[in-house]
Amino acid sequence: MAHVELSLSEAFVPAARVSTEPESDNVGQWSSTVSRAAEPCVLIDAATRVIAISTAGCELLCLGEPDGLIGRPLLDGGLRLLDFTANRGELTEAEIDKIPPLLALSSGRLARGLLRVQAASANSSDATVDAISTPVLTDGNVAGSLTFFSEV
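Residues numbered from 1 in each chain as written. Predicted model: local features only at pLDDT ≥ 70, side-chain atom pairs only at ≥ 80, totals over all residues. Heavy atoms only, no water.

**Remarks on helix α1 (residues 26-36)**
Spelled out, the test is: Burial status follows relative accessibility: with a 1.4 Å probe on protein chains alone, a residue under 20% of its type maximum counts as buried, one over 50% as exposed, and anything between as partly exposed. Runs of H or I in DSSP of at least four residues are treated as helices and runs of E of at least two as strands, each being numbered from the N terminus. The directions from the helix axis to the C-beta atoms form the arc being described. Two residues form a contact once any of their heavy atoms are found within 4.5 Å.
Along α1, the positions that sit buried rather than exposed are Val-27, Gly-28, Ser-31, Ser-32 and Val-34. Relative to the axis of α1, the buried residues are bounded by an arc of 165° and lie together on one face. Residues of α1 that are buried in the fold lie against β1 (41-45), β2 (50-53), β5 (127-138) and β6 (141-151).

**Some remarks on helix α4 (residues 100-107)**
Of the residues making up α4, those classed as buried are Pro-100, Pro-101, Leu-102, Ala-104 and Leu-105. Tucked inside the fold, the buried residues of α4 contact β1, α3 (93-96), β4 (111-117), β5 and β6. Gly-108 lies just past α4 and shows a positive phi near 70°.

**What to know about empty space enclosed by the protein**
Selection rule: A cavity here means a set of points on a 1 Å grid, drawn over the protein atoms and nothing else, where a 1.4 Å probe fits but cannot get out; a pocket is an open set with protein on both sides within 12 Å along at least five of seven lines, and a residue lines either one if it has an atom within 4 Å of a point. Grid points are joined across faces, edges and corners, and a volume is the space filled by probe spheres set on the points.
Throughout the structure, instances matching the rule amount to one cavity of 30 Å³ or more. Considered as a void within the structure, the largest cavity measures approximately 50 Å³ in volume. Around the largest cavity, the lining residues are Val-42, Leu-61, Leu-74, Leu-79, Leu-81, Ile-99, Pro-101, Leu-115 and Phe-149.

**Things to note about the layout of surface pockets**
Of the voids in this model, the largest pocket is the one considered here, and its volume is about 170 Å³. Lining of the largest pocket is provided by Leu-75, Asp-76, Leu-79, Arg-80, Leu-81, Glu-90, Leu-91, Glu-93, Ile-96, Asp-97 and Leu-102.

**Quick look at the side chain of Arg-116**
Just so we agree on the cut-off: Throughout this description, a polar contact denotes any pair of N or O atoms lying within 3.5 Å of each other; where both atoms belong to protein, one of them has to be capable of donating a hydrogen while the other can accept it, and for residues adjacent in sequence the pair is counted only when both atoms sit in side chains.
Positionally, Arg-116 belongs in strand β4. Residue class for Arg-116 comes out buried when judged on its relative accessible area of 17%. Polar contacts involving the side chain of Arg-116 include one to the main-chain carbonyl oxygen of Asp-83, which spans 3.0 Å. A polar atom in the side chain of Arg-116 sits 3.0 Å from the backbone oxygen of Thr-85. Those residues in contact with Arg-116, other than ones at most four positions away along the chain, are Arg-80, Leu-81, Leu-82, Asp-83, Phe-84, Thr-85, Arg-88, Asp-126 and Ala-127.

**Let's talk about the pairing of β1**
Put simply, the rule is: Here a strand pair is declared whenever DSSP counts at least two bridges between the two strands.
Of all five residues in β1, five are buried; the element is thus mostly enclosed. Strand direction decides the pairing type here: β1 and β2, joined by three bridges, are antiparallel. Its bridge partner being in β2, Leu-43 is matched across the sheet by Ala-52. Remark: four residues form the turn of the hairpin made by β1 and β2, two consecutive strands paired antiparallel; Thr-48 in that turn has positive phi of roughly 70°.

Here it is in structure tokens:
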């Protein structure tokens, strides 16, 4: 017959880490991460204002420098989204509400989709990007959304 021996010891509980950063809420922590990220990403608040954007995100989305976008609404900061038709028309209000960063805000769930971004110059081709967004919560409520982009 097998012999089993059990012993009990005190569980190891790691000490809680307390942030010393002035913005120690969830949005503030993501903001500092996005600002330093090498990946193309953007963090917007519930009013769709850009809280943070990576340099790679600015380059991929043809938006210029990150400092010029902070505090501005995402769609008023120079981001020009086009439909996937041959005419390359700008998105309508109904279509804009369904882009992943805004859909994550309104639904409180993950959102994913393709975006066609108008090129910065007429000589360049438009970019198609895959966008994956997640809501960012503060005290259980949606306070913003975090979106990562990948060129297709």
